[in-house]
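Residue-level structure breakdown
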Amino acid sequence: MGKKKKEKKDKKDKKKVQPEQVVASPAASAAVSVRDLLRVGPGFDLSQIDPRRIVAGPEDKELARAEVAALEPEVTALQERLYAESKGSGKRRLLVVLQGMDTSGKGGAAKAIDRVSEPIGLRMANFGSPTKEELRHHYLWRIEKALPPVGSIGVFDRSHYEDVLIVRVRNLVPEDVWSGRYDEINAWEKKLSDGGLVFLKCMLHISKAEQQERLLARLVEPDKNWKYNPGDVDERMLWDQYQEAYQVALTQCSTEYAPWYVIPADRKWHRDWLLTRLVAETLREMDPQYPAIDYDVETEIGRVKAS
Ligand code: AMP
Ligand code: MG
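About the criteria used
Residues numbered from 1 in each chain as written. Chains lettered and ligands numbered in written order. Predicted model: local features only at pLDDT ≥ 70, side-chain atom pairs only at ≥ 80, totals over all residues. Heavy atoms only, no water. Core = buried A, V, L, I, M, F, W, Y, C linked by side-chain atoms within 4.5 Å. Buried < 20%, exposed > 50% of the residue type's maximum accessible area, 1.4 Å probe, protein only. Helix = DSSP H or I, 4+ residues; strand = E, 2+ residues; numbered from the N terminus. Contact = heavy atoms within 4.5 Å. Salt bridge = Lys/Arg side-chain N within 4 Å of Asp/Glu carboxyl O. Near = heavy atom within 4 Å. Polar contact = N/O pair within 3.5 Å; in protein donor to acceptor, adjacent residues only side chain to side chain. Areas by Shrake-Rupley, 256 points an atom, 1.4 Å probe, with all protein chains shown as cover. Nonpolar A, V, L, I, M, F, W, Y, C, P; charged D, E, K, R; others polar.

Description of the nonpolar core
Ranked by internal contacts, the top residues of the largest apolar core, which has 74 residues, are Val96, Phe156, Tyr161, Leu250 and Leu283. Here the element with the most residues in this core is helix H14 (residues 268–286); it accounts for nine residues. Contact partners of Val96, with chain neighbours within four places excluded, come to Ile113, Ile153, Gly154, Val155, Phe156, Leu200, Leu275 and Val279.

Topic: the pattern of salt bridges
A full pass over the atoms with the stated rule returns 18 salt bridges. The salt bridge involving Asp163 is made with Arg181; its shortest N-O contact spans 3.8 Å. Remark: Arg181 occurs in helix H10 (residues 181–194) and Asp163 occurs in the loop between strand E3 (153–157) and helix H8 (166–169); sequence separation between them is 18 residues. Judged on exposure class, the residue Asp163 and its partner Arg181 are both buried. We note a salt bridge from Asp194 to Lys190, for which the minimum N-O separation is 2.8 Å. Within this pair, Asp194 and its partner Lys190 are both found in helix H10, separated by four residues, close to a single helical turn. Asp194 sits in the exposed class, given a relative accessible area of 56%. By sharing partners, the salt bridges in this structure join Arg35, Arg277, Glu281 and Glu285 into a single network.

Details of the site of ligand 1
The full set of residues close to ligand 1 is Phe127, Gly128, Ser129, Pro130, Arg142, Arg158, Glu162, Asp163, Ile166, Val167 and Leu172. Separating an oxygen atom of ligand 1 from a backbone N or O atom of Ser129 is a distance of 3.1 Å. Contact distances for ligand 1 include 2.7 Å between an oxygen atom and a side-chain N or O atom of Glu162. Computed on the free molecule, ligand 1 has an accessible area of 500 Å², of which 73% lies beneath the protein chains in the complex. Grouping the amino acids of the shell around ligand 1 by side-chain chemistry returns five nonpolar, two polar and four charged.

Shape is all these values report; function is a separate question.
Here's what the structure looks like:
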């Protein structure tokens, strides 16, 4: 780290609120249903969503981070119960779908989920341009293969929605093909949902100005160069077409069984707070149960002691 950069960091660290000064999970923000606030419903208009908005919860970065950390024990406990449930007759699993423009923070959001979860029972997957083999199959083929097993949490960095986003914007297949995909995706998600898969579909919504800053940061900071892809600028030039494609996907495919949530994502710490809250709320509602045991505890205690 250069001297100037270090000085700046030290200054920043000094300003940071120390953990003991932070009161995590105040009752006020714990009571809010983030799912109700972010769900895409009738009349939804993406262009009316401000990517910098603080929807609920702390307006302070350190406080928001402390609240996220405070959710960890609960999330891991629920995750363990979900896993245990599957050892009985449980069929449930959770899939977090992350979508958003380049630099919207899908990777960072996946890390936020990782931070509050146990590695066992967590399955990450990302989807780039289809390989030659993938192109020979139906577009849902590679997605199905990456679904989390029963009892686990899956996190998708991009998903089958690319097949109605970049594919639509770039005309990678004819219109009569992609236009049929919204209904097809809904039917596919319904089938999975009936089988016990719970969807948590999140669009990370950033502003065009924020994307420019983040792309520039990837160029200016040498250790971020690897994240930069010259092709991102070509997609950026189609910003409005992408917003339109998102608007259609969000409204056509926000269903009762697999709703979409739009997360204002210009502030990373607020994005992570909202996302972890969404995960926690969803797991709480799933309320996974330990499986019934098929032995008598007292008898077994006796047997173990005598052994
Ligand atoms: P990244 O997430 O930065 O690794 O970029 C992956 C790229 O692959 C993005 O530009 C996506 O839009 C693109 N991509 C993902 N899925 C598809 C798909 N089904 N068809 C075409 N391009 C895709
Ligand atoms: Mg990229």
